[in-house]
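# Understanding the architecture of this molecule
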Amino acid sequence: MPIDRLLDFSASIYPDGPSPRVIEAVSDALRSPRQLRQYPDLKSSDLRANLARYTTAPADNILVANGGVPLMSATLRAIRTRKCLLPVPAFGEYRRILEREKSEIRTYPLVPSANFRPDLHQLIGSCVEYGCDTLILNNPHNPSGVTVDASEIRWMITHADRHGIRVLLDEAFIDFVPEESVSADVPQSGNLIVFRSVSKFFAMAGLRVAYVIAPQHRVPAIASLLDPWSVSTLASQAAGAAVKDLRYISNTIRRNSEEREQLTRALTGIGLTVFPACANFLMLRFSIEHASENVWEQLILDHGIVLRNCETFEGLDGRYMRAAVRGRDDNQRLVHALASVLNRSVPNLRINS
Ligand SMILES: Cc1ncc(COP(=O)(O)O)c(C=O)c1O
């Protein structure tokens, strides 16, 4: 099957984005030879001001770059991380960045019996036991979708501070549940650094814009380790337009939440284990027998549907797959395809429209 005919549930990017405002902003910038000739603003002042309004964190605490990886690398180097606690499974780049930055890594297993939810007491206890100076946490968590309440995250940050532990919190998917963000707490809490992105919620992964919100005293050191002009004029204007589009923001939150709930019900209805999630993807568990029958391959070959096979995530195996939450018709196609591959009869498969 040609690749452009596959239905991609493997990438967790909002399928109806980006906002028309983003397309307009890019088109306007492209029509201006002067803008294209010039270097972008070295400080990305307009973009940082827009991100400040969106997150309610001060612009002076925000730095931008062309992705989360350069921001996290610069931060780990700036704060001189020596030993880091990494809950696993986790976004694979964390380990690669930590290894490149020569940080020792200790892992903390997130387990299915707790729905992959970290025990925050234990997490800090493990940092103390192993002598970790840094903790990387991802909320909502990729790949499980688990989301810890902001109040619990706040408790953990204070507790971590008492032990001199810096918390690097990746909020790449928090825009789907903005009430659980602690971005605005950064200026008051010396040990919290938050990473955010416009790639997922605003569906702009190709334009490459991410940002970090760091305490004032950390900003110069992180900035000095970032490449200059890494965010282009086009990307900067597009991201600025995205975070100002309040209509896109509220519609996306509402639609994603409705579709996620419907999809969870439908997938549970055909007998799959679906882990409770708050972002735009669901982690599913198949039985051993189905994992070995290779549901993943069959979905592609027979139905043109691609899931994210989670066996490459540390601590997971071929029974786990991640499915993005797409629009109603696509989600329905996924449920029907899975029912057929698993050979399930599904009287309650119907999804309300
Ligand atoms: C948890 C998490 N954080 C960060 C990123 C990086 O996002 P970006 O560099 O596109 O901002 C990803 C990308 O998949 C991710 O899954």
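As the structure is a computational prediction, the values presented were derived from the model and not from experiment.

## So, the packing of helix α6 (residues 120–130) against helix α7 (residues 150–162)
Here α6 crosses α7 at 25°, and the two axes come no closer than 10 Å. Comparing the axis directions of α6 and α7 gives the class roughly parallel. Considering only the axes of α6 and α7, their crossing is right-handed. When α6 is examined against α7, the residues Leu-120, His-121, Leu-123 and Ile-124 are found in contact with a partner set consisting of Glu-152, Ile-153, Trp-155, Met-156, His-159 and Ala-160.

## Quick look at the sheet that holds strand β3 (residues 83–88)
The strand order across the open sheet formed by 7 strands is β2-β8-β7-β6-β5-β3-β4, and the pairing between neighbours is mixed. Edge strands, defined here as strands with exactly one partner in the open sheet, are β2 (62–65) and β4 (104–109). Neighbour to neighbour, the strand axes of the sheet diverge by 20° on average, direction disregarded. Relative to β4, β3 runs parallel, the two being bridged by 6 bridges. By the bridge assignment, Val-88 is partnered in β4 with Pro-109. On the sheet, α6 packs against β3, β4 and β5 (134–138) and is oriented at approximately 145° with respect to β3. Against the sheet, α7 contacts β5, β6 (166–170) and β7 (192–197), and its axis sits at roughly 150° relative to β6.

## Some remarks on empty space enclosed by the protein
Inspection of the entire model under this criterion finds 2 cavities of 30 Å³ or more. Reported here for the largest cavity is a volume of approximately 120 Å³. Around the largest cavity, the lining is made up of 14 residues, and of these Pro-87, Leu-110, Leu-137, Asn-138 and His-141 lie nearest the centre. Among the secondary structure elements, those contributing two or more residues to the lining of the largest cavity are β3 and β5. With 3 residues, the single largest contributor to the lining of the largest cavity is β5. A per-class count over the lining of the largest cavity returns 11 nonpolar, 3 polar and no charged. The volume enclosed by the second largest cavity comes to roughly 40 Å³. Surrounding the second largest cavity, Tyr-14, Pro-15, Asp-16, Arg-255, Asn-256, Glu-259, Val-325, Arg-326 and Gly-327 form its lining. Tallied by class, the residues present in the lining of the second largest cavity amount to 3 nonpolar, 2 polar and 4 charged.

## Section: the layout of surface pockets
Roughly 480 Å³ of volume is contained in the largest pocket. Around the largest pocket sit 29 residues that line it, and Gly-68, Phe-91, Ala-172, Ser-197 and Lys-200 are the ones nearest its centre. When residues in the lining of the largest pocket are grouped by element, the largest group, 5 residues, is from helix α4 (residues 68–78). Tallied by class, residues from the lining of the largest pocket come to 15 nonpolar, 9 polar and 5 charged. If you count residues domain by domain, the lining of the largest pocket takes at least three from each of domain 1 (3–16 + 247–341) and domain 2 (20–244).

## Let's talk about the nonpolar core
In this structure, Leu-135, Met-156 and Phe-202 are the most contacted members of the largest nonpolar core, which totals 62 residues. With residues up to four places along the chain from it excluded, the contact list for Leu-135 reads Cys-84, Leu-85, Pro-87, Leu-123, Ile-124, Cys-127, Met-156, Ile-165, Arg-166, Val-167 and Leu-168.

## So, the domain arrangement of the protein
Domain boundaries assigned for the protein yield domain 1 (3–16 + 247–341) and domain 2 (20–244). Centre-to-centre separation of domain 1 and domain 2, based on C-alpha positions: 25 Å. In this complex, domain 1 contributes 23 residues to the contact, which on the side of domain 2 involves 31 residues. Buried area between domain 1 and domain 2, summed over both chains or domains, comes out near 2,200 Å², and the portion from carbon and sulfur atoms is 70%. The largest share of the area that domain 1 buries against domain 2 comes from Ile-249, Phe-281 and Glu-314, three residues that together contribute 25% of it.

## Observations concerning unusual backbone geometry
Note the cis peptide between Val-88 and Pro-89, where omega equals 5°. Mapped onto the fold, Pro-89 is located in the loop between β3 and α5 (93–100). Put simply, Asn-142 and Pro-143 share a cis peptide bond, and its omega is 15°. With respect to the helices and strands, Pro-143 occurs in the loop between β5 and α7. Notably, Thr-56 is not glycine yet its phi reads approximately 60°, a positive angle. Structurally, the position occupied by Thr-56 is in the loop between α3 (45–55) and β2. Using a relative accessible area of 57% as the deciding quantity, one classes Thr-56 as exposed. A positive phi angle is found at Arg-208, which is not glycine, with a value near 60°. For Arg-208, the position within the fold is in the loop between β7 and β8 (210–213).

What counts, and where the lines are drawn
- Residues numbered from 1 in each chain as written.
- Predicted model: local features only at pLDDT ≥ 70, side-chain atom pairs only at ≥ 80, totals over all residues.
- Heavy atoms only, no water.
- Axes fitted to C-alpha atoms, helices over the stretch in contact; angles between N-to-C directions.
- Helix = DSSP H or I, 4+ residues; strand = E, 2+ residues; numbered from the N terminus.
- Parallel < 35°, antiparallel > 145°, perpendicular 65-115°, else oblique.
- Left-handed = near helix turned anticlockwise from the far one by under 90°.
- Contact = heavy atoms within 4.5 Å.
- Pairing = 2+ DSSP bridges.
- 1 Å grid on protein atoms, 1.4 Å probe; cavity = no way out; pocket = protein on both sides within 12 Å on 5 of 7 lines; lining within 4 Å.
- Points joined across faces, edges and corners; volume = space filled by probe spheres on them.
- Nonpolar A, V, L, I, M, F, W, Y, C, P; charged D, E, K, R; others polar.
- Domains from an automatic or database assignment.
- Core = buried A, V, L, I, M, F, W, Y, C linked by side-chain atoms within 4.5 Å.
- Buried < 20%, exposed > 50% of the residue type's maximum accessible area, 1.4 Å probe, protein only.
- Buried area = accessible area lost by both parts, 1.4 Å probe.

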